[in-house]
Amino acid sequence: MDVAYSADGCGAAAVVYDLVKSEVVEEVVKTYPMIPAPYVPGFLFLREGPPLLDVVSSVRNRFDVLLVDGHGRAHPRRCGSATILGFVAGLPSIGVAKSLLVGSLQPSERYDRIVHDGEVVGLRRGPAYYSQGFGVSFNDVVRVSEVFGESYPEALRRADRLSRKALKKDG
DNA sequence: GCGACAG
DNA sequence: ATCTTGTCGC
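Read on for an overview of the structure. Everything numeric in this text was worked out from a predicted model, so none of it was measured. (Residues numbered from 1 in each chain as written. Chains lettered and ligands numbered in written order. Predicted model: local features only at pLDDT ≥ 70, side-chain atom pairs only at ≥ 80, totals over all residues. Heavy atoms only, no water.)

## Observations regarding the environment of glutamate 150
As a reminder of what qualifies: For the purposes of this entry, the term helix denotes a DSSP run of H or I that reaches at least four residues, the term strand denotes a run of E that reaches at least two, and both are numbered from the N terminus. Each residue is placed in one exposure class: buried if its accessible area under a 1.4 Å probe, protein chains only, is under 20% of its type's maximum, exposed if it is over 50%, and partly exposed if it falls in between.
With respect to the secondary-structure elements, glutamate 150 resides in the loop between α3 (138-148) and α4 (154-169). For glutamate 150, a relative accessible area of 57% corresponds to the exposed category.

## Quick word on the protein's contact with DNA strand C
In plain terms, the rule: The rule for a residue being near a molecule or strand is that one of its heavy atoms must lie within 4 Å of it. Any pair of N or O atoms that falls within 3.5 Å is considered a polar contact. Within protein, one atom must be able to donate a hydrogen and the other to accept it, and sequence-neighbouring residues count only if both atoms are side-chain atoms. Ten residue types, Ala, Val, Leu, Ile, Met, Phe, Trp, Tyr, Cys and Pro, are classed as nonpolar, four, Asp, Glu, Lys and Arg, as charged, and the remainder, Gly among them, as polar.
Around DNA strand C, the structure places Ala4, Tyr5, Lys98 and Arg164. Near-protein atoms of DNA strand C (within 4 Å) split between backbone and bases, with sugar and phosphate holding 100%. Between DNA strand C and the protein, one listed contact pairs a phosphate oxygen with a side-chain N or O atom of lysine 98 at 3.4 Å. Residue composition of the surface near DNA strand C, grouped by class: two nonpolar, no polar and two charged.

## Digging into the protein's contact with DNA strand B
What surrounds DNA strand B is a group of 18 residues, the closest being Tyr39, Gly42, His71, Ser81 and Lys98. Considering DNA strand B, the proportion of its atoms within 4 Å of the protein that are sugar or phosphate atoms stands at 46%. Backbone polar atom of histidine 71 to a base nitrogen of DNA strand B: 2.9 Å apart, as the coordinates give it. Backbone polar atom of lysine 98 to a phosphate oxygen of DNA strand B: 2.6 Å apart, as the coordinates give it. The class makeup of the residues in the surface near DNA strand B is seven nonpolar, seven polar and four charged.

None of the figures reported here should be taken as evidence of function without further support.
Dropping the structure here:
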């Protein structure tokens with residue numbers, strides 16, 4: 001899932017992806033004529049939460065886990081947008097960010113650990129930073145990240161393109 | 001007080 | 001995130 005913005009509104013997209021067949025199962029995208037809350041580090045959910053919750057409610061197919069653009073546990077208060085989205089929607093979630101919000105990297109075997117205040121709050125693998133959202137264990141995050149290896153999750157790349165394209169056409 | 005800061 | 005021309009590389 002991802003959100004794109006324009007001066008007068010925003011667009012959210014959800015892409016259901018089959019990792020076994022490596023193919024898109026469903027794509028949902030919606031635009032909203034609303035001005036999102038301003039971006040404040042540590043409070044991303046206030047900005048992207050509303051549109052994401054709406055678009056995820058429109059997904060028809062069943063899925064195992066939600067991949068949210070942003071952090072989960074790798075957050076100042078261990079509660080990023082991925083964590084809240086999963087909790088509110090009542091769905092398992094994992095945060096997948098493109099840069100660090102808090103913590104530092106500690107080299108490990110197959111990935112780098114994200115350490116903050118003395119605890120492992122996530123991991124970096126390839127170009128992405130993964131951390132627990134809601135309803136998943138750290139090992140779940142490790143296993144999911146291994147699926148993507150050194151590349152960025154295709155479903156998220158699609159969601160990014162979709163939400164952006166929807167803004168141009170519609171709003 | 002100063003710097004850092006997901007999207 | 002978004003604003004933007006040319007430019008590097010396959």
